[in-house]
Amino acid sequence: MTILMNAVLQLKVQYIGCMGLVAEIRDTALASLPPARKAEFEQYLTPESVARQAVSLFTPAVNPVRILDLGAGTGILGAETAAFSAQGSSLTAVEIDGQLAALAHLTFEHVGVTHQVVCDNALSVLLDPVFDRVILNPPYKKITPISLATESGYVSVSNLYTAFLVRAVCALRPGGECVAIIPRSWMNGEYFAPFRQWLFSVCSIDVIAVYGSRQDHFKDSSVLQEIMLLKVSKRRQCPIVSVYNGIAPLDDLRSKGHRDAMLNDLLVGSSRILRIQVQDALLAGLPTLAESGLWVSTGKLVWFRNRDILLNEPVKDVLPLYWSDNASSLEATHPMMGSRREQWVDAKAYERHVVLPVGSYCLVNRFSSKEQSRRVMPSLLSSTVPFVVDNKLNYVHQGTSRNTIPLDRELAAGVTLWLSSSLVDNWYREVSGSTQVNATDLRELPIPPRHALLDIARRLPIEDKPSHEDVDRVITTVVERLNR
């Protein structure tokens, strides 16, 4: 603590009267924090460029405002907000780390704002709903689901950042605004559905700004995460949501081009997935995969719980085992020559209820990133024997969550080709903000009727290894005909 404070006091001498001290305090703290402490509190201190972007989303106010910086770190977000606000504004900061709380106090003193720094846990400190502006860059960490009390009832959260955002919104006065620097993952997926439902019911979603790179925003913290700026206000939903897609940390958002959309045009399905772009007109009117009588399930084998049944060689009564490596092209391969993964399981797999029935399926890798050429990577599997699928794969069938029913081969091929198209890739990129390709999200995917999927399969035999260009050309033709 003494070394860090001495370093900051030296900076204070150099930067008297200069806002640059605020950024230098943050940079010095980041370089000095022990890795174990950063990991414990998930401390990713906000860079100055990102802080300025976030603050620029607040509506300019001519009158003094009450500001809350929740999980303040060194106070850079609160300081930037105060500098953007009218004279006479006041600031409350909450920070659990005593060293960072002390630095936040120095930061606010330098800015000259009336302030109070509370060294406490943001999830348990008492906060009255009196703030005009709340700003936060919360910790990003999965937690065991908890229920938080709000004015409108309890809301279940499964990540620290959504828990912080609930507290932030609850601290707003009616009409107050909140800007958060958070992962985009809350916008889709089943885990975040209760949080989405709650947020949409108590707030207006005003601005969504998604960074184009997963690492440029917090480059000096080695964060690899799809991050966004979210602005909400405590009022009924305003007619328009402003959407910025692909921003960079040095962009001036006040002059950057963006799209305006109605919130309902950005929502998908009963779980209210929030997309970052209005759906392609070619997909309008198509039923979802679930509405078409298809279902997506996740592979049943968790390998580390079943090490004892994994086999390298096909001895008597073995079953094929499919990993993501086996499903790396349009048609699944088994066995995968040269793979370091076991390609077989013994008959005990039946006792563990991980075996799938003979037939055809579309396998889909459960993990991909925005940097990859395709987010959805499907592969046709037609098996003449029962088999097992690792849980890093999803599979499309025509049963239910409890009962797997295979597809006929031609339909499975049509589904595979549809999922490999640019139309689907673009749809998924607009929907998903994490590296997971969730079964829940895929069930909401628009898909042509069965006769059209069969037509696609007949035009593009998978064994001929059609190119992406051929797939897109045929699928566009088929879908345009459906829309006539």
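Residues numbered from 1 in each chain as written. Predicted model: local features only at pLDDT ≥ 70, side-chain atom pairs only at ≥ 80, totals over all residues. Heavy atoms only, no water.

(A) View of the side chain of Gln343. By the element assignment, Gln343 lies in the loop between β16 (319-322) and β17 (344-345). In this structure the side chain of Gln343 is engaged in a polar contact, spanning 3.3 Å, whose partner is the backbone oxygen of Arg341. Once you skip the residues sitting within four places of it in the chain, Gln343 turns out to touch Leu311, Leu319, Pro320, Leu321, Trp323, Asn326, His334, Pro335 and Met336. (Helix = DSSP H or I, 4+ residues; strand = E, 2+ residues; numbered from the N terminus. Polar contact = N/O pair within 3.5 Å; in protein donor to acceptor, adjacent residues only side chain to side chain. Contact = heavy atoms within 4.5 Å.)

(B) Structural detail: the pattern of salt bridges. Taken as a whole and assessed by the stated rule, the structure comprises 19 salt bridges. Residues Arg429 and Asp425 are paired through a salt bridge, measuring 2.9 Å at the closest nitrogen-oxygen approach. Taken together, the residues Arg429 and Asp425, both in helix α11 (residues 422-431) and 4 residues apart, mark about one turn of the helix. Notably, a salt bridge pairs Arg481 with Asp455, separated by 3.4 Å at the nearest N-O pair. In this pair, Arg481 is assigned in helix α14 (residues 468-482) and Asp455 in helix α13 (residues 450-459), connecting sequence segments 26 residues apart. Its relative accessible area of 39% is what places Arg481 among the partly exposed residues. Classification of Asp455 as buried rests on a relative accessible area of 18%. (Salt bridge = Lys/Arg side-chain N within 4 Å of Asp/Glu carboxyl O. Buried < 20%, exposed > 50% of the residue type's maximum accessible area, 1.4 Å probe, protein only.)

(C) Molecular detail of the layout of surface pockets. Considering only enclosed or pocket space, the largest pocket measures out at about 960 Å³ in volume. Lining the largest pocket are 40 residues, and of these Lys142, Tyr191, Ser434, Gln436 and Asn438 lie nearest its centre. Of all the secondary structure elements, the ones that give two or more residues to the lining of the largest pocket are β5 (142-150), β6 (153-159), β14 (295-298) and α12 (439-443). The residue inventory of the lining of the largest pocket, partitioned by class, reads 12 nonpolar, 18 polar and 10 charged. (1 Å grid on protein atoms, 1.4 Å probe; cavity = no way out; pocket = protein on both sides within 12 Å on 5 of 7 lines; lining within 4 Å. Points joined across faces, edges and corners; volume = space filled by probe spheres on them. Nonpolar A, V, L, I, M, F, W, Y, C, P; charged D, E, K, R; others polar.)

(D) A look at the sheet that holds strand β8 (residues 204-211). Spatial strand order, β3-β2-β1-β4-β7-β9-β8-β10-β11: 9 strands in an open sheet with mixed pairing. For this open sheet the edge positions go to β3 (114-118) and β11 (259-261), each flanked by a neighbour on one side alone. Neighbour-to-neighbour, the strand axes of the sheet open up by a mean angle of 15°, direction not taken into account. As judged from the 7 bridges shared by strand β7 (residues 172-183) and strand β9 (residues 227-233), these two strands associate in the antiparallel manner. When the bridges of β9 are listed, Val179 appears paired with Lys231. Each of β4 (131-136), β7, β8, β9 and β10 (241-247) touches helix α4 (residues 48-55); the most contacted strand, β7, lies at about 150° to it. Against the sheet, helix α5 (residues 76-84) makes contact with β1 (66-70), β2 (90-94), β4 and β7, and its axis sits at roughly 140° relative to β4, the strand it touches most. (Pairing = 2+ DSSP bridges. Axes fitted to C-alpha atoms, helices over the stretch in contact; angles between N-to-C directions.)

(E) Structural view of the nonpolar core. The biggest cluster of nonpolar side chains holds 79 residues, and the ones touching the most others in it are Trp186, Ile208 and Leu230. Among the elements that take part in this core, helix α7 (residues 160-170) stands out by supplying 8 residues, more than any other. Excluding residues within four positions of it along the chain, Leu230 makes contact with Leu165, Cys178, Val179, Ala180, Ile182, Trp186, Leu199, Ile205, Val207 and Ile208. The next biggest cluster of nonpolar side chains, apart from the first, holds 42 residues, and it includes Leu407, Leu442, Leu460 and Ile462. (Core = buried A, V, L, I, M, F, W, Y, C linked by side-chain atoms within 4.5 Å.)

(F) Main features of helix α2 (residues 20-32). Relative to the 18 Å expected for 13 residues at 1.5 Å per residue, α2 spans 18 Å between its end C-alpha atoms, a close match to the ideal helical length. Where α2 is concerned, the buried positions are Leu21, Val22, Ala23, Ile25, Arg26, Thr28, Ala29 and Leu30. (Expected span 1.5 Å × (residues − 1).)

(G) Highlighting the sheet that holds strand β22 (residues 393-397). Strand order in the open sheet formed by 4 strands is β14-β22-β19-β20, with antiparallel pairing between adjacent strands. Each having just a single partner strand, β14 and β20 (378-383) make up the two edges of the open sheet. On average, each strand axis in the sheet is tilted by 30° relative to the strand beside it, whichever way the strands run.

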